[in-house]
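If you want the building blocks of each chain, they are given just below.
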Amino acid sequence: MNPVVVIPTFVSTRSQREGGSIITTYDHPTPLSQEGDLPRCLESLTKVEGIGQIIVLVAAEPSIAHKAAQKTQVIAARFPELHIAVIGAAEAGLVQQRMEQLGLGKLTREVGLSGYGAVRNLGLVVACALGFDAVVFLDDDEVVTDADFLRRAMYGLGKLTRKGIPILAKTGFYYNSEGSYLSKSQNKWYNRFWQQGSAFNKWIERAMNAPRLSRSNHVCGGCLALHKEAFKRLSFDPWIPRGEDLDYMLDLRMYGSDIWFDNKWSLHHLPPESASEGTRFRQDIYRWLYEYRKMEYSRTQIDLMQVKPSSLEPYPGPFLEPSIVRRIRITAFLRSLARPDKKAYRKAAKAARTEAAQYAQRNCTKYFEFQFVWSELMSRIEGDQILSTALVRSAVSRAEAVAGANANGRVVERDPRVEKAGDVVEAGAPTAPQAGVPEQLAAQYSNIDPGMTSEIRLNLAD
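Just so we're clear, the structure is a prediction, and the values are computed from it rather than from any experiment. Residue positions within a chain follow its written sequence, with the count starting from 1. Local features in this predicted model are restricted to residues of pLDDT 70 or higher, and side-chain atom pairs are both shown and tallied only at a pLDDT of 80 or more, whereas totals for entire chains, interfaces and linings draw on every residue. Side-chain metrics rest on all non-hydrogen atoms present in the structure, leaving aside hydrogens and water.

Quick notes on the packing of helix α9 (residues 277-298) against helix α12 (residues 355-363)
So, step 1. In this analysis, axes come from line fits to C-alpha atoms, helices being fitted only over the stretch in contact, and the angle between any two N-to-C directions falls in the range 0 to 180 degrees. Helix numbers and strand numbers start at the N terminus; a helix is a DSSP run of H or I with at least 4 residues, a strand a run of E with at least 2. Two elements in contact, α9 and α12, have axes separated by 8 Å at closest approach and are oriented at 35 degrees. Where α9 crosses over α12, the handedness of that crossing is right-handed. Contacts from R282, I285, Y286, L289, Y290 and R293 of α9 reach α12 at E355, A356, A357, Y359, A360, Q361 and N363.
So, step 2. The residue classification treats Ala, Val, Leu, Ile, Met, Phe, Trp, Tyr, Cys and Pro as nonpolar and Asp, Glu, Lys and Arg as charged. All others, Gly included, are polar. Residues belonging to the contact of α9 with α12 are distributed by class as follows: eight nonpolar, two polar and three charged. Crossing handedness is defined as follows: a turn of the near helix away from the far one that is anticlockwise and smaller than a right angle gives a left-handed crossing, while the clockwise case is right-handed. Note on contacts: a residue pair qualifies if any of its non-hydrogen atoms lie within 4.5 Å across the two residues.

Thoughts on the pattern of salt bridges
Between side chains of opposite charge, pairing is possible as soon as their charged atoms come close.
So, step 1. By convention in these notes, a salt bridge is any Lys or Arg side-chain nitrogen within 4 Å of a carboxyl oxygen on Asp or Glu. This structure, assessed with the given rule, holds 25 salt bridges.
So, step 2. With a closest N to O distance of 2.4 Å, E35 and R78 form a salt bridge. Here E35, found in the loop between β2 (30-31) and α1 (38-45), pairs with R78, found in the loop between α2 (65-77) and β4 (83-87); they are 43 residues apart in sequence, far enough to count as distant.
So, step 3. A simple rule labels every residue: compare its accessible area, found with a 1.4 Å probe on the protein chains alone, to the largest value its type can have, and call it buried under 20%, exposed over 50%, or partly exposed in between. Its relative accessible area of 43% is what places E35 among the partly exposed residues.
So, step 4. Relative accessible area serves as the criterion here: at 42%, R78 is assigned to the partly exposed category.

A look at the state of the cysteines
So, step 1. When two cysteine sulfur atoms lie within 2.5 Å, the pair is treated as a disulfide. By the definition in use, this model includes zero disulfides.
So, step 2. Distance from the sulfur of C223, which forms no disulfide, to the nearest cysteine sulfur (C220) is 5.2 Å.
So, step 3. The exposure class assigned to C223 is buried, which follows from its relative accessible area of 0%.

Remarks on a positive patch on the surface
So, step 1. For patch detection, residues must exceed 30% relative accessible area and be free of salt bridges, and they are connected within 9 Å for like charges or within 5 Å for nonpolar side chains (Val, Leu, Ile, Met, Phe, Trp, Tyr). All accessible-area figures derive from a Shrake-Rupley calculation using a 1.4 Å probe, and residue coverage is judged against the displayed protein chains alone. Note that His is not counted, nor are the chain ends; the positive residues are Lys and Arg, and the negative ones are Asp and Glu. A charged residue contributes its charge at one atom only: NZ of Lys, CZ of Arg, CG of Asp or CD of Glu. On the surface, a cluster of positive charge is contributed by K342, K343, R346 and K347.
So, step 2. Tracing the backbone shows K342 in helix α11 (residues 342-353).
So, step 3. Its relative accessible area of 34% is what places K342 among the partly exposed residues.

It is worth stressing that arrangement in space is one thing and function is another; only the former is reported here.
Pasting the structure below:
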């Protein structure tokens, strides 16, 4: 396997974007004036054996997108031992233009740098264009402490179960700041109708005592490995406000596949505190109402597998039941009485009755429509020499500009070649040393053995 590590990072003009749309409100974006957690994450990757290409996706408001990519490139330049390609707005523009050239139309909402799902989709498109056969997603607020992290990520990927089912997607788990894999969610009186943490704890305790690989009800988006045959078939959902990782597991099930849990693959998750827990709960309201409506709609489609909440016990099944609407309203009200962020919780309670429900109803069918486009998109993009060469030229040009600026002690200036996406793409591409892979990336490939078939089956739960 030749995996690429993809790390989304979210940059904003301030620590919490209250004024952003529901899709572009992130848990803890890094202010443009601060380095954030990305350097710590990259530093931890220097100790990982077999690490190859790393792609950092830079999501930022349009007004600061250029500066955010430059800032991220400056951080990447501090780790010359790592092969890091920074993908910002300029590169996203190249992808959009190439998709239009291939007759796929404008897909800025579905593939881009706005929203958790769209950002992950951009990472998949870039990985596919560059010819990688697996993607390992990390988050920028995580730390890898295991030198065998990448080998563990590839363990079993692409292999078959005893029943001949391919393992095309797998997730691990993370330790929190207390060194535990259990949720720190508190069982307070105001959470009586929202036992998300305790439900998750019941599930993971069971999974940790199972064989190494078992079917998963949970997905850690920052510890997620996808085989090419999975991500070429299904995209992430760009209409879900957050929880796009767990949603991907549900999507796979609807389309006849699974995500597998590896209880030997882990990292440490050390996020900063959220600026507003009420705002995060508001996004959870949008998320679960949307998820419920989406699952409800899927059961009307004859070409999709029927995924019942009862098959997802103890988590997330209860959050996909019709009772989720009532539970959201009660929890928002109770928290507005007890928690410090009272105003945000009152706003969240109002959203549950009005715009969140309307958002779910309006958008719950769009993901399924997009899947017809996605498979065609990935088929045309796979190993595309024009796009892959343009992406590499753009990323290398930025890196060279930053290196030159550092050497001369001046302000970084972007190479004008990469600001004109059309000129870059139309320039064509030379013959690559591997199918669809530009020369600059050929040396950054890993070759990791996912393990013997017999070994996988011995470590597999039915």
